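Okay, here's what each chain looks like letter by letter:
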Amino acid sequence: MVDEEELLALAEDISAIGLQHPIVLDDRGRVLDGRNRLKACEIAGVEPRFTTYEGSNPNAHAFSVNARRRNITKGQLALIAAQASVYGVNPHGFTEESLPGFTEENSGRTLSEKAGVSGSRISQAFTVLRHAPELADSVISGAMGLNEAYKTAREAKNQADSAESQLTRLRAEDPELADRVVEGELTLTGAWAERKARKEEEIRQRKVATQFLCEVVPPLAQARGTNTAGKFDPEFVLPGRSITQEVIENAMTALTEMAATLRERDLA
């Protein structure tokens, strides 16, 4: 919409000479072109005239008839053109899944030619629509420049790319944690904190197990051929360390399992 001063001037003009161009509606009665004229007619007390757009792309029509009427910057024009292109294909917004056959590269070249702005401006506009769509209205209204919005969009894109990379790495290291992030149970930061805690606990357990085996297995191996068992005397058994047939069998099973594990790890 134009500012109040321009709107009053338009109303005076319509009051003096009438509405020169009818207000264009789409097939649902929404205004495609002529919002300012419609408001000016209300102010002037003049009955507006309407016509219905009969083409197949109302968004493109709205852009084409308005783009060069307004005193707007190249940045605004680029974003308006990109937005009209996107919503002309898909009224729900910019998502690759819902835009079959749509590519920024092809559309960008066409928009650059039709809108009369550089391809780099169009590219910036698409980046804003994809990664910071909440800033689009601010750019179009002139409250924010396209360069500023693009900078914010680039930062959001870099963060998204970084997050995707981290999630891919997390899935490789700990799929269960990655699934919890995707399902919304954990933030990515929280998942990595838990992953760190799990790794530290894993290292602690490996250290304890290794030290235990180093204390137990070598002395046991040294008992081979020494008739140590023949000198065993229950009178000198340490508290809680009694040796029974069951204990011996369990020890033999443990040694067998240990040997198999070390062979699998190529450490035997």
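Preceding this section is the structure that the text describes.
Residues numbered from 1 in each chain as written. Predicted model: local features only at pLDDT ≥ 70, side-chain atom pairs only at ≥ 80, totals over all residues. Heavy atoms only, no water.

Draft legend 1. Structural view of the overall build of the protein. Of regular secondary structure, the protein possesses eleven helices and three strands. Each helix and strand of the protein, ordered N terminal to C terminal, gives the series α-β-β-α-β-α-α-α-α-α-α-α-α-α. (Helix = DSSP H or I, 4+ residues; strand = E, 2+ residues; numbered from the N terminus.)

Draft legend 2. Local environment of the sheet that holds strand β2 (residues 31-33). Read from one edge of the open sheet, three strands run β2-β1-β3, paired in mixed fashion. Each edge of the open sheet carries a strand with a single partner, namely β2 and β3 (50-52). The sheet shows a mean angle of 45° between the axes of neighbouring strands, direction not considered. In terms of strand pairing, strand β1 (residues 23-25) meets β2 through two bridges, oriented antiparallel. Paired with Val24 across the two strands is Asp33, which belongs to β2. (Pairing = 2+ DSSP bridges. Axes fitted to C-alpha atoms, helices over the stretch in contact; angles between N-to-C directions.)

Draft legend 3. Region of the structure containing the environment of Ser242. Inspection of the secondary structure puts Ser242 in the loop between α10 (188-222) and α11 (245-264). Judged by its relative accessible area of 47%, Ser242 is partly exposed. In contact with Ser242, other than residues within four places in its own chain, are Val237 and Val247. (Buried < 20%, exposed > 50% of the residue type's maximum accessible area, 1.4 Å probe, protein only. Contact = heavy atoms within 4.5 Å.)

Draft legend 4. Looking closely at helix α9 (residues 175-182). Those residues of α9 not exposed but buried are Leu177, Ala178 and Val181. Relative to the axis of α9, the buried residues are bounded by an arc of 100° and lie together on one face. Summarising the contacts, the buried residues of α9 are in contact with α8 (146-173) and α10. Trailing α9 by a residue or two, Gly184 shows a phi angle of about 85°, which is positive. (Arc of directions from axis to C-beta.)

Draft legend 5. Seen up close, unusual backbone geometry. Unlike most non-glycine residues, Asn227 shows phi in positive territory, near 60°. Residue placement: Asn227 occurs in the loop between α10 and α11. Unusually for a residue other than glycine, Asp266 sits at a positive phi of about 60°. For Asp266, a relative accessible area of 70% gives the class exposed.

Draft legend 6. Geometry of the nonpolar core. Formed by 22 residues in total, the largest nonpolar core has its most connected members in Leu79 and Ile122. Residue contributions to this core peak at six residues, all from helix α4 (residues 74-89). (Core = buried A, V, L, I, M, F, W, Y, C linked by side-chain atoms within 4.5 Å.)

Draft legend 7. The packing of helix α1 (residues 4-17) against helix α2 (residues 35-44), seen in detail. Remark: α1 packs on α2, axes separated minimally by 8 Å, with the N-to-C direction vectors making an angle of 65°. Judged on the interaxial angle alone, α2 and α1 are roughly perpendicular. As for the relative orientation of α1 and α2, their crossing is right-handed in sense. Facing α1, whose interface residues are Leu7, Leu8, Leu10, Ala11, Ile14 and Ser15, α2 presents Asn36, Arg37, Lys39, Ala40, Cys41, Ile43 and Ala44. (Parallel < 35°, antiparallel > 145°, perpendicular 65-115°, else oblique. Left-handed = near helix turned anticlockwise from the far one by under 90°.)

Draft legend 8. Fine view of the side chain of Asp174. Relative to the assigned elements, Asp174 resides in the loop between α8 and α9. In this structure Asp174 comes out as buried when scored by relative accessible area, which is 8%.

Everything listed here is a matter of coordinates, which is why it stays silent on function.
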